[in-house]
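Here is what each chain is made of, one letter per residue.
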Amino acid sequence: MEAREEAREEPRTPSTSSASSASASSGEAASETANAAPAPASAGGHDFRARYDAIRQDACVVTSIEIRGNERTKSALIERELRRVYEAKTLDGIKDALFEANRALYEYGIFKDVAMVIDADSDRRGERALGEGDVPGAKIVVNVEERDVFNFKAGTFMSRRGEGEAEAAVGLRNPLGFGERVEFEVVRGVGQSSTYSALWEQPKVFGSDVNAETRVFQSLECFKKLSSFDVTSRGASVGLSGNGPGTLEYNIAWRDVQDPTRLASRAVRRQLGYSLKSSVSHTYVSDHLDRPVRPMSGYLWKIRSELAGIGLSDPMSTKFVKSEVTAHAVETLDASRGITASVSGRFGLLLPFGASARMAGGDATSGAHDNSSGGVSSCIADRFFLGGVGCLRQFENNGAGPSDERRASSKDASVAKDADGTPSVPVEIITRDALGGDFVWSATAAIQMDVPGEKFAAMREAGIHFHAFVSAGTLLPVGSIAGSPKDAAKVIRDATRASVGVGIVWPLPVGQIEFNYGRAIRAGASDRVRDGAQIGIAAHVSL
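Residues numbered from 1 in each chain as written. Predicted model: local features only at pLDDT ≥ 70, side-chain atom pairs only at ≥ 80, totals over all residues. Heavy atoms only, no water.

Here we come to the pattern of salt bridges. Evaluated as defined, the whole model comprises 27 salt bridges. Note that Lys 95 and Asp 92 form a salt bridge whose closest N and O atoms lie 3.3 Å from each other. One end of the pair is Lys 95 and the other is Asp 92, both in helix H3 (residues 91-107) and three residues apart, which spans about a single turn. Across the pair, Asp 92 and Lys 95 agree in class, each one buried. Across the salt bridge formed by Glu 183 and Lys 153, the nearest N and O atoms sit 3.7 Å from each other. With Glu 183 in strand E8 (residues 181-189) and Lys 153 in strand E6 (residues 150-158), the pair connects residues that are 30 residues apart, well separated along the chain. With a relative accessible area of 39%, Lys 153 lands in the partly exposed category. Salt bridges sharing partners connect three or more residues here, namely Glu 81, Glu 100, Arg 103, Glu 107 and Lys 204. (Salt bridge = Lys/Arg side-chain N within 4 Å of Asp/Glu carboxyl O. Helix = DSSP H or I, 4+ residues; strand = E, 2+ residues; numbered from the N terminus. Buried < 20%, exposed > 50% of the residue type's maximum accessible area, 1.4 Å probe, protein only.)

Written out as structure tokens, the structure reads:
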């Protein structure tokens, strides 16, 4: 919320000629203050704006503050955001400080409305109050309307595994009066994935610009449709954020990698068991897109770096350095027809180290991670994956890159078949486990265009548009690029996958639904390719 200047009532005639009355409230940009329309004339026929301009630079200090309407919120919280008004020496300076305080109070998210009024102050005898040096005193009256203490939200979204998930959360807003938020959340996926968490968020800790968020959680990430493992995590995290684009988070979790299918490949079976993760991560986002959904111009880039193994000497502790950079840029080519060109990219690197990394193994012949030569291997739960709508189209989710053959399932033989031996119903049996990688890059270039024609105006208003794309990417274990730069470049080139296609995109709050038709023009022998039609949901570029 930002602030605007507004006359909510006719200016009251103060007891001295240097006094005036003004107010600040939220709703419009603060930059409009100087150009605000004049308030209605008072009963005396004087124009409010003219009167204000005549005395705006007159000496004036705040001598008292009165707060009204705060039933739960502590007065100290509001007074803390108003402390700068005591530094102002003119009426205009007081007004500017109030606009800043108004904006800061709305950032707490606990007020429906905040209105501030500057008026002449008087002492107990009814005479004009004076500040230091006999400067005329002003009184600030703050009226707040608090939001309800209880809140509930529900929604749906796409997980990084490509699984649709629904969330529901119930919380308390400002229950103790310090601007805090308490929330209990449940997330369930269409498979067996789930998350249960409790959150305590404290904005502006100790009057600073730092917001703190503490969470305890238990989560189950189900990968069995993509690979034969699940990851159960139990732990806690503490996050810090401020007015800038960066966030800092500490996470500690006890993780258990399991094989619920009993069909895991050899490479996945070597990953099963417990591990302890203690990590610090930093995320920096620079978003200059004109809008988050169907942007027409601008760019966005995000970098996330993580160091795991902080403060722990336990041999089960996972240790690695991980960094990932994503970027997206879009430019309008023809505004009248909604034609834009966009380029997006992703680059990531994971470097494991320590005894726990040497405990993991793999199969080099299948493209899996290998430590047979004394190298190190990362935990499968920390690796990058590649493939799917919004990542590398015309490949299945996590369908590109290293994989290993699963053990045969007895259910495969029990599928109902026709007389000629073909399945009586369409079935899709995943025979290889996606193993992920430590090195990843991907890039997509696309042209978007609005749906033409007057009959499809509603589709254009909904953001539905056509697109044509070219995608490419590589996913590898870090050991495969450990040689000379020339050898590494050759390995990366040989492992590159690519696809082309066209489709129609329907942007929604949960992500964008894509109906694509294309083909993979370069793929590995064991990749899961989706030539022809592909339907899926991808996260928005700004998420």
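And the narrative resumes.
This brings us to unusual backbone geometry. Of note in the backbone geometry, Lys 204 takes a positive phi value of approximately 50 degrees without being a glycine. Along the chain, the position of Lys 204 falls in the loop between strand E9 (194-202) and strand E10 (211-222). In the Ramachandran plot, Phe 206 falls in the positive-phi region, its phi being about 50 degrees despite a non-glycine side chain. Examined against the element boundaries, Phe 206 turns out to sit in the loop between E9 and E10.

Let us look at the environment of Phe 178. Positionally, Phe 178 belongs in the loop between strand E7 (164-173) and E8. With relative accessibility at 44%, the residue Phe 178 sits in the partly exposed group. Residues Phe 178 and Ile 78, spaced 100 residues apart in sequence, show a C-alpha to C-alpha distance of 9.6 Å. Setting aside anything within four residues of it in sequence, one finds Phe 178 in contact with Lys 74, Leu 77 and Gln 202. (Contact = heavy atoms within 4.5 Å.)

Further remarks concern the nonpolar core. Among the nonpolar cores identified, the biggest contains 27 residues, and Ile 78, Ile 94 and Val 142 are the most heavily contacted of them. Secondary-structure elements contributing two or more residues to this core are helix H1 (48-55), strand E3 (61-68), helix H2 (75-81), H3, strand E4 (111-120) and strand E5 (137-146). With seven residues, the single largest contributor to this core is H3. Contact partners of Ile 78, with chain neighbours within four places excluded, come to Ile 67, Asn 70, Thr 73, Leu 105, Phe 111, Val 142 and Val 144. (Core = buried A, V, L, I, M, F, W, Y, C linked by side-chain atoms within 4.5 Å.)

Here the focus is the confidence of the model for the chain. Residues with a pLDDT of 70 or more make up 82% of the chain, whose mean pLDDT is 82. This stretch, residues 1-45, has a pLDDT under 50; its non-local contacts, to residues over four places away or in other chains, come to 96 contacts. For residues 360-368, every residue scores under 50 in pLDDT, and the model assigns this stretch 28 contacts once sequence neighbours within four places are set aside. (pLDDT = per-residue confidence, 0-100.)

A word on the environment of Ser 342. Its place among the elements puts Ser 342 in strand E16 (residues 339-352). The spacing of Ser 342 and Ser 297 is 45 residues in sequence and 8.9 Å in space, taken between C-alpha atoms. If near-sequence neighbours (up to four positions away) are discounted, Ser 342 is found in contact with His 328, Ala 329, Val 330, Thr 444, Ala 445, Ala 446 and Gln 448. Separated by 2.8 Å, the side chains of Ser 342 and Gln 448 make a polar contact. (Polar contact = N/O pair within 3.5 Å; in protein donor to acceptor, adjacent residues only side chain to side chain.)

Examined against the element boundaries, Cys 379 turns out to sit in the loop between helix H5 (355-359) and strand E17 (403-405). The class for Cys 379 is buried, based on a relative accessible area of 15%. Considered as a pair, Cys 379 and Pro 352 are 27 residues apart in the sequence and their alpha carbons are 8.4 Å apart. Ignoring sequence-local partners within four residues, the contact set of Cys 379 consists of Arg 255 and Gln 271.

The subject of this paragraph is the pairing of strand E14 (residues 298-308). Where strand E13 (residues 273-287) lies against E14, nine bridges are found, and the strand directions are antiparallel. From the neighbouring strand, Ser 279 faces E14, where its bridge partner is Ala 308. Examined bridge by bridge, E14 and strand E15 (residues 320-334) share 11 bridges and lie antiparallel to one another. Note that in E15 the partner of Leu 307 across the bridge is Val 321. (Pairing = 2+ DSSP bridges.)

So, about H3. With 17 residues, H3 should reach 24 Å at 1.5 Å per residue; the first-to-last C-alpha distance of 25 Å fits that figure. Phi for Gly 109, located one or two positions after H3, is positive at around 75 degrees. (Expected span 1.5 Å × (residues − 1).)

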